[in-house]
Amino acid sequence: MRAFSNYRQEWFSNIRGDILSGIVVALALIPEAIGFSVIAGVDPKVGLYASFAIACVAAITGGRPGMISAATAATAVVMVTLVREHGLQYLFAATILMGIIQIAAGFLKLGRVMRFVSRSVITGFVNALAILIFMAQLPELIGVPVETYFMIGAGLAIIYLFPFVTRAVPSPLVSIAVLTLIAWWTGMDLRTVGDLGELPSSLPVFTLPQVPLTFETLQIILPYSVTLAAVGLLESLLTAQIVDDMTDTPSNKSQECIGQGAGNIASALIGGMGGCAMIGQSVINVTSGGRGRLSTFVAGAFLLFLIVVLNDLVRIIPMAALVAVMIMVSIGTFSWRSIVDLGRNPPPSSVVMLATVATVVATHDLAKGVITGVLLSGIFFAGKVAKLFSVTRSGETAGTTTYRVSGQIFFASAESFVQSFDFADVARKVVIDLNAAHLWDITAVGALDKVVIKFRRLGVEVEVLGFNEASADMVDRFALHDKEERQAASATLH
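First, a word on what this report is: a plain description of the structure on this page. (Residues numbered from 1 in each chain as written. Predicted model: local features only at pLDDT ≥ 70, side-chain atom pairs only at ≥ 80, totals over all residues. Heavy atoms only, no water.)

1. Let's talk about the overall build of the protein
Argument step 1. Of regular secondary structure, the protein possesses 21 helices and six strands.
Argument step 2. Taken along its principal axes, the extent of the C-alpha atoms in the protein is 100 × 55 × 55 Å.
Argument step 3. Relative to its 494 residues, the protein shows a buried fraction of 53%.
Argument step 4. The contacts in the protein between residues at least 6 apart in sequence include a share of 83% that link residues at least 24 apart.
Argument step 5. Summed over all atoms, the accessible surface of the protein reaches about 22600 Å², with 63% contributed by carbon and sulfur.
Argument step 6. The centroid of the 32 positive side-chain charges in the protein is displaced by 5 Å from the centroid of its 34 negative side-chain charges. (Helix = DSSP H or I, 4+ residues; strand = E, 2+ residues; numbered from the N terminus. Buried < 20%, exposed > 50% of the residue type's maximum accessible area, 1.4 Å probe, protein only. Contact = heavy atoms within 4.5 Å. Areas by Shrake-Rupley, 256 points an atom, 1.4 Å probe, with all protein chains shown as cover. Lys, Arg positive; Asp, Glu negative; His and termini not counted. Charge placed at Lys NZ, Arg CZ, Asp CG, Glu CD.)

See below:
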């Protein structure tokens, strides 16, 4: 009952704010969905239907209230080759398999991998996405009539100043409405939504992909489906984390994996492409007052209403109005504080953030940027932890030399561990005290093997003591220095 009560609150605790913010997001989704359809090489209706289906289904089944999911550029770029070489029906089949993989990831609790993404990577992801959002507006800012710049300026002024008058209505919605009225009243020669492509005029229908159910088909779509699922989940989970921080509320990342998968399956079954969470539209939603699942559902449902019922009105919306909204999103998304923090944060953190930004902006691939950041974070972390160990040698007592080891012994510190022992100054007995140390992996165990076996080959008695429980288990399973095959291992190690 408590779970149902919480779920109901996620739907109906902010009805007015969610409806209004959902309307704003729906308007902003139209040019995005059409643009991503062009990137993927498909008809605009494929992206528009996908945005409707993914948003509505993810609102019901997802784990992050208030986050917007739809057709995205991150997934669109993966689809290009598949559509070009095999056709649209194979895209639908790949999208269904993509959804199945994402649902499986949810049940396997793979959403927990977000714990391994550092704050520097998330900041770099956010900043890179803000830059990409702004760059995506450049075609609407270059080589356009001068009136366009005045309209964009007016739109930004309304967006930032209208909240001082009232916050009852989201200022981006007011900006779009006012600029559309001005463009229609004055007859300005402005680029409009209708210039982007033909909008669908009918409801989507249920259909199964028309592909042969053979192993050959699976071989064709599986690589694309795995890539789409991974890219989609990566962007969705990062966006969920960002919305968590913006709203100061938690979310269920594994449930979000399931929600994304269900949304993509639904999209493919009505002739849509695959998608994932959208940080730009999610920021619009949150800043416009959207907090619950209703805002996401309204965004998808109202999008379908706009393109099917109000398509004649939607066609005349000037692109300048939507560009103003996206510039606002770009400015609001960028972490301006991170620029100041470059001089305050540890250099490795700044390098990770800048590398993530540079990779994303250079490749236009969010996944590559995040993977780069995560790898760098891991390398820097391993290097830092590798230094947090020491080997202290006590003076020889009754022919016995004691080495006290403290810290973390693993692949990055194993070599230094071996080099810390003096094999030239040989005592009758060596004691290796590991009370303050921890062996993490088989490389650490191998380093201990190497030290013990080398001493024994020199005729020195060696005693190793002080294993903690985890280290003792590793040694019992993988160490060779106390096994009968010690001599064979010694020959291998040297």
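Now that the structure has been shown, we can carry on.
2. Section: unusual backbone geometry
Argument step 1. Despite not being glycine, Lys-109 has its phi angle at roughly 60°, a positive value.
Argument step 2. Lys-109 gets classed as partly exposed once you look at its relative accessible area, which sits at 42%.

3. Some remarks on the pattern of salt bridges
Argument step 1. Across all of its chains, the model carries twelve salt bridges by this definition.
Argument step 2. Residue Lys-253 is joined to Asp-244 by a salt bridge in which the shortest nitrogen-to-oxygen separation is 2.7 Å.
Argument step 3. What makes Asp-244 buried here is its relative accessible area of 7%.
Argument step 4. Taken together, the shared-partner salt bridges in this structure form one network comprising Arg-64, Asp-244 and Lys-253. (Salt bridge = Lys/Arg side-chain N within 4 Å of Asp/Glu carboxyl O.)

4. A few points about helix H19 (residues 442-457)
Note: α-helices contain 3.6 residues per turn, so residues at a spacing of three or four share the same orientation.
Argument step 1. Between its first and last C-alpha, H19 extends 22 Å over 16 residues, near the 22 Å set by a 1.5 Å rise per residue.
Argument step 2. The set of residues buried in H19 consists of Ala-444, Val-445, Ala-447, Leu-448, Asp-449, Val-451, Val-452, Ile-453 and Phe-455.
Argument step 3. A positive phi of about 85° marks Gly-459, the residue just after H19. (Expected span 1.5 Å × (residues − 1).)

5. What to know about the environment of Thr-192
Argument step 1. Within the secondary structure, Thr-192 is located in the loop between helix H8 (171-186) and helix H9 (215-247).
Argument step 2. In this structure Thr-192 comes out as buried when scored by relative accessible area, which is 17%.
Argument step 3. Residues Thr-192 and Ala-324 lie 132 residues apart in sequence; the distance between their C-alpha atoms is 13 Å.

6. Thoughts on the side chain of Thr-123
Argument step 1. Within the secondary structure layout, Thr-123 lies in helix H6 (residues 119-136).
Argument step 2. Overall, the relative accessible area of 17% leaves Thr-123 in the buried class.

7. Structural notes on the packing of aromatic side chains
Argument step 1. Under the criterion given, the structure shown has twelve aromatic pairs.
Argument step 2. A ring pair is formed by Tyr-403 and Phe-421, whose centres lie 4.7 Å apart and whose planes are at 50°; its orientation type is tilted. Highlighted residues: Tyr-403 in strand E4 (residues 400-409) and Phe-421 in the loop between helix H18 (414-419) and strand E5 (429-439), separated in sequence by 18 residues. Both residues of the pair, Tyr-403 and Phe-421, count as buried. (Phe/Tyr/Trp six-rings, centres within 6.5 Å; stacked < 30°, edge-to-face > 60°.)

8. Examining the sheet that holds E5
Whenever strands of a sheet pair, they do so through backbone hydrogen bonds, lying parallel or antiparallel.
Argument step 1. Strand order in the open sheet made by the four strands is E3-E4-E5-E6, with mixed pairing throughout. Bordering the open sheet on either side are strand E3 (389-393) and strand E6 (461-465), each of which pairs with just one other strand. For this sheet, the mean inter-axis angle between neighbouring strands, taken without regard to orientation, is 15°.
Argument step 2. Bridge count for E4 against E5 is nine bridges, and the pairing is parallel. Its bridge partner lying in E5, Arg-404 is registered against Asp-433.
Argument step 3. Lying on the sheet, H19 is in contact with E4, E5 and E6; it crosses E5 at an angle near 175°. (Pairing = 2+ DSSP bridges. Axes fitted to C-alpha atoms, helices over the stretch in contact; angles between N-to-C directions.)

9. Points about the state of the cysteines
Every disulfide links exactly two cysteines, by a covalent bond between their sulfur atoms.
Argument step 1. The final tally for this structure, using the stated rule, is zero disulfides.
Argument step 2. Here Cys-257 is not cross-linked by a disulfide; its sulfur's nearest cysteine counterpart is in Cys-276, at 12 Å.
Argument step 3. Accessibility expressed as a relative area gives 1% for Cys-257, which makes it buried. (Disulfide = S-S within 2.5 Å.)

10. With respect to helix H2 (residues 15-40)
Argument step 1. Over its 26 residues, H2 runs 35 Å from end to end, which matches the ideal 38 Å to within 8%, given 1.5 Å per residue.
Argument step 2. Within H2, 20 of the 26 residues are buried, which leaves it mostly tucked inside the rest of the structure.
Argument step 3. Just downstream of H2, Gly-41 is the residue with a positive phi angle, here 80°.

11. Concerning the packing of H9 against helix H10 (residues 253-269)
Argument step 1. The N-to-C vectors of H9 and H10 enclose an angle of 130°; their axes lie 10 Å apart at closest approach. When the axes of H9 and H10 are compared, the pair comes out oblique. Two packed elements cross with a definite hand, and for H9 against H10 that hand is right-handed. Residue-level contacts link Leu-233, Ser-236, Leu-237, Ala-240, Gln-241 and Asp-244 of H9 to Lys-253, Cys-257 and Gln-260 of H10. (Parallel < 35°, antiparallel > 145°, perpendicular 65-115°, else oblique. Left-handed = near helix turned anticlockwise from the far one by under 90°.)

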